[in-house]
Amino acid sequence: MKRLTISICLLLFFSVLWGQSVEITQIENRSLLVDGTLDIYFLPRNEEGEPRVLPENTEPELFVVDGGKRIPQRILSLEQDAPRRQGISFLLLIDNSGSMHDEYLGNMLRFETARFAVDQFLQDIDNPLDRIGLSAFNTFYTPLIPVSQVSAQFEAALNSIQRPSRENSYTELYRSIQQAALDLADYRGRRAIIVLSDGENFPYTLSGNPHPLYGEQEFDHQDALKTLVDEGISLYAVHIGETKDKPLDDIARESGGRSFTAEDRGNLMNVYLTIRDEIQQEYRLRFRPPYRGSDVHTVELEIEDQTSVADYYVPHFLGKYASPLGWLVLIPLLIAAGLIALAFLYVWEKPAMEAEINLLAAGKNFSPRTRVNLTKEVTVIGAGRNADMTIAGNPAMRESHATIVFDRNSGNYTVSADAEFRVNNRLKKSHTLKSGDVLDFDGTTVVFDRPPKHKKT
């Protein structure tokens, strides 16, 4: 009887243990070139799939997998609820294709349901350290609000999204995920994209025409996944409607995120809140990986016999793989700062000592800087040899194309021509010149300049 009791207890213990899991959700590589460390965010789950707290004496084991070998790593720090304390950067990516405005979810159009859920999610953000960005996609990817603290601008941006035209109603899902990851890449810490879509990737090229921006190029789900892994960003996919994009689930899982299906407005609101709540409870583990000459490495995390595996990307410095640079990474920044300081301290062009015109371009050809001082009462611009500024390379230029006349009484210079020309991109036949005016004579571009305090000649 005693043995039976022990067996039952062991069976119950291992059944609970088998039901538990651990998931690597993000690997942050932004500090790798500076101090040689990586941050791994992970979430332990119980047998019901809910986030759980690790016992105080838990000692995770970490390995870098290299050629089939598991190389043990020393863990520098382990922090609970790290995203809650440092804040989370979200980018909400909303499908604005034609079907979102045609089909219903419950008793509301799909897009109106999505708008309502996102608006409620923004109102429920109670951590001042959290940051939210907003983008929409269809045939094009459209950033609406950069990642920042929640403000009144979000409601205006949400309301600005309108039903697209027929040509703009396609679903460039994978390309938009890739672009969203690039937009989020400049932020540090825990970063997540939440994409909501009611269908599959349906690129514009399926219309039989090249995309207005991408041409014949098409993007598959591996392109999106690679960008997410390279930048260390996880994707959470939210499906609404009957049609699902199966590769989208794979992108979410392999990038460290999850997939959800929302059947009504209330369910959709809960999805957004669940994602945020789970990320807030993640752990952050820091370690210093070995440096080897390849771009992508695999890391394996083991906690209480539960294992999670993920890839991380090693950034390059000046196109080459290198060991941690430490303070050396500041050298390019110092050089750039020095050049900027020189730009302010050194005057690259001498200020005009008297009235003058400078030739910038002649026809389609850019010419070396040509400067003519306006020392005469009449200065001629044209293609003839006797012109004061002779223009070569512009077939539209006449022998005497335009003249600049100096008025001794007023001290002003007036330019005139038989045909219309452009002054600061406005058509004119005559114009009294001011310093900085840009003149365009059928492709020949001239700039007028004079000293701030000019004297009558």
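Look up a bit, the structure's there.
The sections below set out a description of the structure shown in this document. (Residues numbered from 1 in each chain as written. Predicted model: local features only at pLDDT ≥ 70, side-chain atom pairs only at ≥ 80, totals over all residues. Heavy atoms only, no water.)

**Structural notes on the overall build of the protein chain**
When helices and strands are counted, the protein chain shows 10 helices and 25 strands. Accessible surface, the protein chain as shown: approximately 24,300 Å² in total, 52% of it carbon and sulfur. (Helix = DSSP H or I, 4+ residues; strand = E, 2+ residues; numbered from the N terminus. Areas by Shrake-Rupley, 256 points an atom, 1.4 Å probe, with all protein chains shown as cover.)

**As for the nonpolar core**
Across soluble globular proteins, nonpolar side chains have a tendency to be buried as a group. Core analysis: the biggest nonpolar cluster contains 34 residues, and Phe90, Leu92 and Tyr272 have the highest contact counts within it. Of all the elements in the fold, those that place two or more residues in this core are strand 6 (88-95), helix 4 (110-124), strand 9 (131-137), helix 5 (153-160), strand 11 (190-197), strand 12 (234-240), strand 13 (259-262) and helix 9 (265-280). Element by element, the count of residues in this core is highest for helix 4, at 6 residues. Those residues in contact with Phe90, other than ones at most four positions away along the chain, are Phe121, Arg131, Ile132, Gly133, Val147, Ala192, Ile194, Arg276 and Ile279. (Core = buried A, V, L, I, M, F, W, Y, C linked by side-chain atoms within 4.5 Å. Buried < 20%, exposed > 50% of the residue type's maximum accessible area, 1.4 Å probe, protein only. Contact = heavy atoms within 4.5 Å.)

**Observations regarding the environment of Leu374**
For Leu374, the position within the fold is in the loop between strand 18 (365-373) and strand 19 (378-382). Overall, Leu374 belongs to the buried group, its relative accessible area being 3%. With near-sequence residues (within four places) excluded, Leu374 lies in contact with Ala355, Glu356, Ile357, Thr379, Ile404, Tyr413 and Phe448.

**What to know about unusual backbone geometry**
One non-glycine residue, Asp81, lies in the positive phi region at around 55°. Here Asp81 lies in the loop between strand 5 (75-79) and helix 3 (82-86).

**Topic: the packing of helix 6 (residues 173-184) against helix 7 (residues 221-231)**
Following both chains from N to C, one finds helix 6 and helix 7 inclined at 15°, their axes separated by 8 Å at the closest point. Here helix 6 is positioned roughly parallel relative to helix 7, judged by the angle of their axes. Classified by chirality, the crossing of helix 7 by helix 6 is left-handed. Between helix 6 and helix 7, the contacting residues are Tyr174, Ile177, Gln178, Ala181 and Leu182 on the first element and His221, Asp223, Ala224, Thr227, Leu228 and Glu231 on the second. For the contact of helix 6 with helix 7, the per-class residue count stands at 6 nonpolar, 3 polar and 2 charged. (Axes fitted to C-alpha atoms, helices over the stretch in contact; angles between N-to-C directions. Parallel < 35°, antiparallel > 145°, perpendicular 65-115°, else oblique. Left-handed = near helix turned anticlockwise from the far one by under 90°. Nonpolar A, V, L, I, M, F, W, Y, C, P; charged D, E, K, R; others polar.)

**Here's the deal with helix 9**
The end-to-end C-alpha separation of helix 9 is 23 Å, in line with the 22 Å expected for 16 residues at 1.5 Å each. Every buried residue of helix 9 is accounted for by Leu268, Val271, Tyr272, Ile275, Arg276, Glu278, Ile279 and Gln280. (Expected span 1.5 Å × (residues − 1).)

**A few points about the sheet that holds strand 2 (residues 38-45)**
If you trace the 4 strands from one edge of the open sheet to the other, you get 1-2-14-5, paired in antiparallel fashion. Two strands lie at the open edges of the sheet, namely strand 1 (21-28) and strand 5, each paired on one side alone. Neighbour-to-neighbour, the strand axes of this sheet turn through a mean angle of 25°, independent of strand direction. When strand 5 meets strand 14 (residues 283-287), the two strands line up antiparallel, connected through 4 bridges. Bridged to Glu79 within strand 14 is Arg284. (Pairing = 2+ DSSP bridges.)

**What about the layout of surface pockets?**
The space that makes up the largest pocket amounts to roughly 380 Å³. Taken together, 22 residues line the largest pocket, and the ones lying closest to its centre are Glu254, Ser255, Gly256, Ala310 and Asp311. Contributing elements (two or more residues each) for the lining of the largest pocket: strand 1, helix 7, helix 8 (246-255) and strand 16 (306-313). Tallied by class, the residues present in the lining of the largest pocket amount to 8 nonpolar, 8 polar and 6 charged. (1 Å grid on protein atoms, 1.4 Å probe; cavity = no way out; pocket = protein on both sides within 12 Å on 5 of 7 lines; lining within 4 Å. Points joined across faces, edges and corners; volume = space filled by probe spheres on them.)

**As for the pairing of strand 3 (residues 61-66)**
Judged from the 5 bridges that link them, strand 3 and strand 15 (residues 296-303) form a sheet pairing that is antiparallel. Residue Phe63 lies in a different strand from strand 15, and its bridge partner there is Glu300. Here strand 3 hands over to strand 4 (residues 69-73) after 2 residues, with Gly67 in that stretch at a positive phi of 60°.

**Considerations on the environment of Phe111**
Mapped onto the secondary structure, Phe111 falls in helix 4. For Phe111 and Ser99, which are 12 residues apart along the polypeptide, the C-alpha to C-alpha distance reads 8.8 Å. With near-sequence residues (within four places) excluded, Phe111 lies in contact with Ile94, Asp95, Asn96, Met100, His101 and Ile161.

**Overview of helix 8**
For helix 8, every residue scored as buried is listed here: Leu248, Asp249, Asp250, Ile251, Ala252 and Ser255. Along its buried surface, helix 8 packs onto strand 1, helix 6, strand 11, helix 7, strand 12 and strand 13. Measuring from the backbone nitrogen of Leu248 back to the side-chain oxygen at the start of helix 8 gives 2.9 Å, which picks out Asp245 as the cap. Note on helix 8: the residue one or two positions beyond its end, Gly256, has a positive phi of about 105°. (Polar contact = N/O pair within 3.5 Å; in protein donor to acceptor, adjacent residues only side chain to side chain.)

**Quick look at the side chain of Asp249**
Tracing the backbone shows Asp249 in helix 8. For Asp249, which is buried and forms no salt bridge, the nearest opposite charge comes from Lys246, at a distance of 5.5 Å. (Lys, Arg positive; Asp, Glu negative; His and termini not counted. Salt bridge = Lys/Arg side-chain N within 4 Å of Asp/Glu carboxyl O.)

**Considerations on the packing of aromatic side chains**
Throughout the structure, instances matching the rule amount to 9 aromatic pairs. Geometrically, the ring pair formed by Tyr214 and Phe219 is edge-to-face, given 5.3 Å between the ring centres and 80° between the ring planes. Taking the centre distance of 4.7 Å and the plane angle of 40° together, the rings of Phe406 and Tyr413 count as tilted. We note that Phe406, like Tyr413, is buried. (Phe/Tyr/Trp six-rings, centres within 6.5 Å; stacked < 30°, edge-to-face > 60°.)

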